[in-house]
Each structure stands twice: as C-alpha cells, then as structure tokens.
Amino acid sequence: MKRSKTMELGVGLFMLAGILGLVFLGLRVSGMSLAVPGETFRLEANFANIGSLKPRARVTMAGVTVGRVEAIELDTEWYDARVIMTLDGSLEGELPEDSTAAILTAGLLGEQYIGLSVGGAPDTLADGDTLRDTQSALVLEELIQQFVSSMAKE
Amino acid sequence: MIETIRRLGRRGCDITESLGRAGLFLAQSAVGVPSREGCMLWLRQVHFVGVMSLAIVLVSGLFIGMVLALQGYTILVDFGAEQALGQMVALSLLRELAPVVAALLFAGRAGSALTAEIGLMKATEQLTSMEMIGVDPLRRVVAPRLWAGFVSLPLLTIGFSVVGVWGGELVGVEWLGVFEGSYWGNMQASVSFLDDVGNGVIKSLVFALVVTWIAVFQGYDLIPTSEGISRATTRTVVYSSLAVLGLDFVLTALMFGELS
C-alpha cells in the first residue's frame, strides 16, 4: 500500500502544480490583478480617423495609464469613428469639459494609444459624456503626401 | 483496372468502418459512472501518463522558451524593438507552441506506451479473459486511460508554457540584457487571459482527447501479433502527430482567424 500512497501524492502534486501554473499564467503573464476592478466611468470621443487604434488600447494622461479603449464603432451620423473609453473612477468629475483627446503612437512603428490632456473650463465631464476636441491619428501616407506636395511647390 | 477500383473501394469501406468502430469505442468507454475502484485505476494512469511525462515536457519547454528568446531577440533588435521580446515569447508559447509541442511529446511518450500496453493485453488474451469473468475491458482498461490522458495533457501544457516563459526570461533578461520591466510589462499588456491562455487550454483539451483516443483505439483494435503491435504503435505516433498539426490549423483559424 506504501507505493500507492506515494503515487497518490505524486498525482496530487501534479494537479496542484497545474493549477498553480494556471494562476501564474493569469497573474504574471496576462497581468490580471486579484483586486476587484475599481470604479470606472465611460467617456466617448469622435475622431475623423483612428489610424490603427484597437480595442483594449491604453488611454493615458501625461504618460500615465488611466484607462483603456472599450469599443470602437462607426458613427453613421457623421461618418467618423466613435471611441468609447473606460477611465479610472477617481477621475470622474475631475476632468474639465474642454479636455482634449489625441491618438498617439508609441515609437515610430509602435502601437497606438489615446493621450488625454486637461483643459481649463470650470465644468467637468461626467459618465457618458463626449470629448469635443480631438486630434486624429497620424497616418504615415498622408504625411508623406503632404511632404511631397510641399516639396513640389518649392 | 477493375482490381484497382475494387481495392480502392475496399480500402474506403475499411477506413469508414474503422472510423465507426473508433466512434462507438469512444462513446462506450467514455460514458459510465466511475466507481471508487475506477478512480483508483484512473489515478494510477494519471501517474503513468501525466506525472511520468512531466520531466520531458518541462525540459523541452525550457529549451523552447530559451530558443524563442534567442531567435526573437536577434530579429527584434534590428528594429530596436527588443522590449517586445516578452510579448513574442509569451504569445507564441501560449497560442501555438505549448499546446502543439506538448501534444506531440505526449503522443510519443505516453500515446505509444498506451497502445503497446493495451495491444500486449490483447495479444496475451487478457482482454478476452476479462470479458469471460464478466469485467468490461472498456470500463476497466480503456476508460481510465482515456480520462487520464484527457486530464493530464492540459496540465502538462500549462507547465510547458510556464517553464517556457521562464526560460525566455532567463535568456532574454539575464543573458541578453533586455530590461526586466519591459519583458514582463509588454507581456502583461498584450496577453489576454481568456483569449490567449484560455484558447491555448481549449486547444490542449482537444489535442488530449484526440491523442489518447487514437492511442487507446489503436491498441484495442490491432491485430494481436508482435508485428501488429509494432505497426499499431507506429500508427499511433503518426496519426496523432498528423491529427494534432491538422487540428491546430483549424482551431487557430477559428480562434484567431479574425484577429489580423
């Protein structure tokens, strides 16, 4: 019976190691946190062109990540892109109404993210509000086109 | 001419027939309430199939993670993007390499052993004797092995990924000097638990079912001679490797096809 006990122990350890491995993959590799996700609130922003912005992209403020892009859809009224972001709940009621959103690129070829900058208006943005002042993504082709046409003028 | 067509037809019938047998065989052995004794049998098989395969799977995972980091670094450094090394190592391990390589190793290490064991039981007429004394060999011999494989391979795959990511860190961070924070940070920013870890585990569940099914069925269905056993063992490894690689493409297309 001795051998059977060590075998049971071995199988138990094997299973335990598998579960611990899954926990490691969850916490360390995919970066989930055990803490309950804090309060968040939603903001919307319309961009003329989002470039290659993707859902789950970062939303930053002064370089600090404060939220993520939740969804991107086409606004059929204006035919531009409506980006829905969820931001840290501690910013609710803190951001001035004339804050601006810009789509920025990490590095020359890196992923795109949204950068928010604060305005100065006394009124603040609440859950579900829309950012009016936005700056579209930098599209390399357009930039080159501008460059070429300005070269041609000279 | 007619002889060729006749042979082709017979071959088709044979293949269809054995597919049908395999399906029935799976249905008959997988269902049924496990008894306490059945649990003990299952435990012994998990030990044989899972715990004993741990060493080869973990060592392979370590080396594959290390090679991924080394190869990835030399490519990424050309673009000045070596910070993305962690992301590359983790995603390629979780999505592709861990499920597939672990399944291939599992087919070689455990699948062939299962086929040979059951095949020898059949050749020495142990299975027939069991039937004679009223014990169902499907329940007693096949079902515990099937379930053991189904449980073990996903656990082995998880182990493979964990060790691989660690091996990647060993080479990338400790040796090649990628900043540790960007190795883990980029990884955490790009790996999604449900989409990447979850789909990898789903893949390994499918592979586990297919590989153990093929192994056990080949053992049960072989011609009970020494040549038959050797043929069936070869077939187990060949068929399961092909099935794993083929299914991997289908599953990848289903899971990540719309991600471009």
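Residues numbered from 1 in each chain as written. Chains lettered and ligands numbered in written order. Predicted model: local features only at pLDDT ≥ 70, side-chain atom pairs only at ≥ 80, totals over all residues.

Turning next to the overall build of chain A. Along the backbone of chain A there are 2 helices and 8 strands. Moving toward the C terminus, one meets the helices and strands of chain A in the order α-β-β-β-β-β-β-β-β-α. Taken along the three principal axes of its C-alpha coordinates, chain A extends 90 × 45 × 30 Å. For chain A, with 154 residues in total, the buried portion stands at 19%. In chain A, 64% of the contacts between residues at least 6 apart in sequence involve partners at least 24 apart. (Helix = DSSP H or I, 4+ residues; strand = E, 2+ residues; numbered from the N terminus. Buried ≥ 20, exposed ≤ 12 C-beta atoms within 10 Å, placed from the backbone. Contact = placed C-beta atoms within 7 Å.)

With that settled, the discussion passes to unusual backbone geometry. At A:Y79, a position not held by glycine, the phi torsion is positive, near 55°. Within the chain, B:E125 stands out as a residue other than glycine whose phi angle is a positive 60°. In this fold, B:E125 is placed in the loop between α4 (85-123) and α5 (126-132).

Each side of the interface is counted separately: chain A has 17 residues, and chain B has 22 residues. Of the residues belonging to the side of chain A that touches chain B, the class tally is 10 nonpolar, 6 polar and 1 charged. (Nonpolar A, V, L, I, M, F, W, Y, C, P; charged D, E, K, R; others polar.)

Residues and elements named next belong to chain A. Ordered by their spatial adjacency, 8 strands build an open sheet running β7-β1-β4-β3-β2-β6-β5-β8, and the pairing between neighbours is mixed. In the strand order of this sheet, the two ends are held by β7 (130-131) and β8 (133-135), each with one partner. Note: strand β3 (residues 64-75) against strand β4 (residues 80-88), 8 bridges, orientation antiparallel. Bridge pairing links V69 to M85 in β4. (Pairing = 2+ DSSP bridges.)

Residue and element names in this part refer to chain B. Across chain B, pLDDT averages 90, with 98% of residues at or above 70. Mean pLDDT in chain B bottoms out at helix α7 (residues 180-190), which sits at 83, and peaks at helix α3 (residues 54-76), which reaches 94. As a predicted assembly, this complex carries a pTM of 0.76 together with an ipTM value of 0.77. (pLDDT = per-residue confidence, 0-100.)

Moving on: the pairing of strand β6 (residues 112-117) of chain A. Residue and element names in this part refer to chain A. Pairing of strand β2 (residues 58-61) with β6, which is carried by 3 bridges, proceeds in the parallel orientation. Across the sheet, the residue bridging to M61 is L116, located in β6. Note: strand β5 (residues 100-105) against β6, 6 bridges, orientation antiparallel. Note on β6: the bridge partner recorded for A102 is G115.

Moving on to the pairing of β4(A). Residues and elements named next belong to chain A. Bridging between strand β1 (residues 40-47) and β4 involves 8 bridges; their strand directions are antiparallel. Among the inter-strand pairings, T40 is bridged to a residue of β4, identified as D88. Connecting β3 to the antiparallel partner β4 that follows it, the hairpin turn spans 4 residues, and Y79 within it adopts a positive phi of roughly 55°.

All names here are of chain B. Mapped onto the fold, V100 is located in helix α4. The spacing of V100 and F249 is 149 residues in sequence and 10 Å in space, taken between C-alpha atoms. Those residues within four positions of V100 in sequence are excluded, and the remaining contacts are V244 and D248.

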